[in-house]
Amino acid sequence: MEQTLEVAHRLFAERGYAEVTMDEIAAAVGVTKPLLYNYFGNKDRLYLACVGRTGDALVAAIRAAQEQADGPGEALKASLRAYFTYLDAERGAWQVLYDETLPSGGQIAEAVGRYRDELTAVVATAVRGLSGARRRGPRAQAEAEALAHLLLSAA
């Protein structure tokens, strides 16, 4: 199953969700299409497995970097460094999480949206740490999230 996820992830990253078929994935993995459907059910569930794997790893990398940082400024630097280091090592991760050919609704859109929101929230935590106790409340949080989104979009 791990090999299937690696191959599917690579194909989705290279060509986009809309262009990849289950036939192609099965052939690239060297299994039958019915076996692929038996494990994942359909293309959407296979994509969701790829998204979950990528999103979980990226969020975990950023959180781990923040936990090891000394102080708020270092936490923000560490967050961004972890984000870019992960994306540099796993080039297909960006395409899987930000694929423009994804359906605009349904489970995939919801899952990708949750990971994007979680990435923004994790980085926003580091941004909010810079302002310390001086800035609190909904406006400060919205500003931190906007800055975090901007920083992540720079990728």
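For the structure itself, look to the data block above.
1. A few points about the packing of aromatic side chains
For any pair of aromatic rings, the description consists of the separation of the ring centres together with the inter-plane angle of the planes.
1) Next: A full pass over the atoms with the stated rule returns five aromatic pairs.
2) Next: Plain terms: the ring middles of Phe12 and Tyr17 are 6.1 Å apart, the flat faces sit at 25° to each other, and that makes the pair stacked.
3) Next: When the centroid spacing of 5.2 Å and the interplanar angle of 80° are considered together, the rings of Tyr17 and Tyr47 count as edge-to-face. One end of the pair, Tyr17, is in the loop between α1 (2-15) and α2 (22-29); the other, Tyr47, is in helix α4 (residues 43-68), and 30 residues separate them in sequence.
4) Next: What makes Tyr47 buried here is its relative accessible area of 0%.

2. Examining the nonpolar core
1) Next: Ranked by size, the top nonpolar core spans 47 residues in total, and within it Phe12, Ile25, Leu46, Tyr47, Leu58, Ile62 and Val123 carry the most contacts.
2) Next: Elements with a minimum of two residues in this core: α1, α2, α3 (33-40), α4, α5 (72-89), α6 (92-97), α7 (106-131) and α8 (138-153).
3) Next: Looking at which element gives the most residues to this core, the answer is α7, with nine residues.
4) Next: Excluding residues within four positions of it along the chain, Leu58 makes contact with Tyr83, Tyr86, Leu87, Leu97 and Leu119.

3. Considerations on the side chain of Thr54
1) Next: Within the element layout of this structure, Thr54 appears in helix α4.
2) Next: Within the structure, the side chain of Thr54 is placed 2.8 Å from the side chain of His9, a separation counted as a polar contact.
3) Next: Residues within four places of Thr54 in sequence aside, it is in contact with His9, Tyr86, Ala93 and Leu97.

4. Observations regarding α1
1) Next: A rise of 1.5 Å per residue sets the reference length of α1, with its 14 residues, at 20 Å; its end C-alpha atoms lie 20 Å apart and thus fit the reference within 8%.
2) Next: Those residues of α1 that fall on the buried side of the exposure criterion are Thr4, Leu5, Val7, Ala8, His9, Leu11, Phe12 and Ala13.
3) Next: Looking at the packing, one finds that the buried side of α1 touches α2, α3, α4 and α6.
4) Next: Of the residues one or two after α1, Gly16 is the one with positive phi, at around 90°.

Thresholds, definitions, all that
- Residues numbered from 1 in each chain as written.
- Predicted model: local features only at pLDDT ≥ 70, side-chain atom pairs only at ≥ 80, totals over all residues.
- Heavy atoms only, no water.
- Phe/Tyr/Trp six-rings, centres within 6.5 Å; stacked < 30°, edge-to-face > 60°.
- Helix = DSSP H or I, 4+ residues; strand = E, 2+ residues; numbered from the N terminus.
- Buried < 20%, exposed > 50% of the residue type's maximum accessible area, 1.4 Å probe, protein only.
- Core = buried A, V, L, I, M, F, W, Y, C linked by side-chain atoms within 4.5 Å.
- Contact = heavy atoms within 4.5 Å.
- Polar contact = N/O pair within 3.5 Å; in protein donor to acceptor, adjacent residues only side chain to side chain.
- Expected span 1.5 Å × (residues − 1).

Keep in mind these values describe shape, not function.
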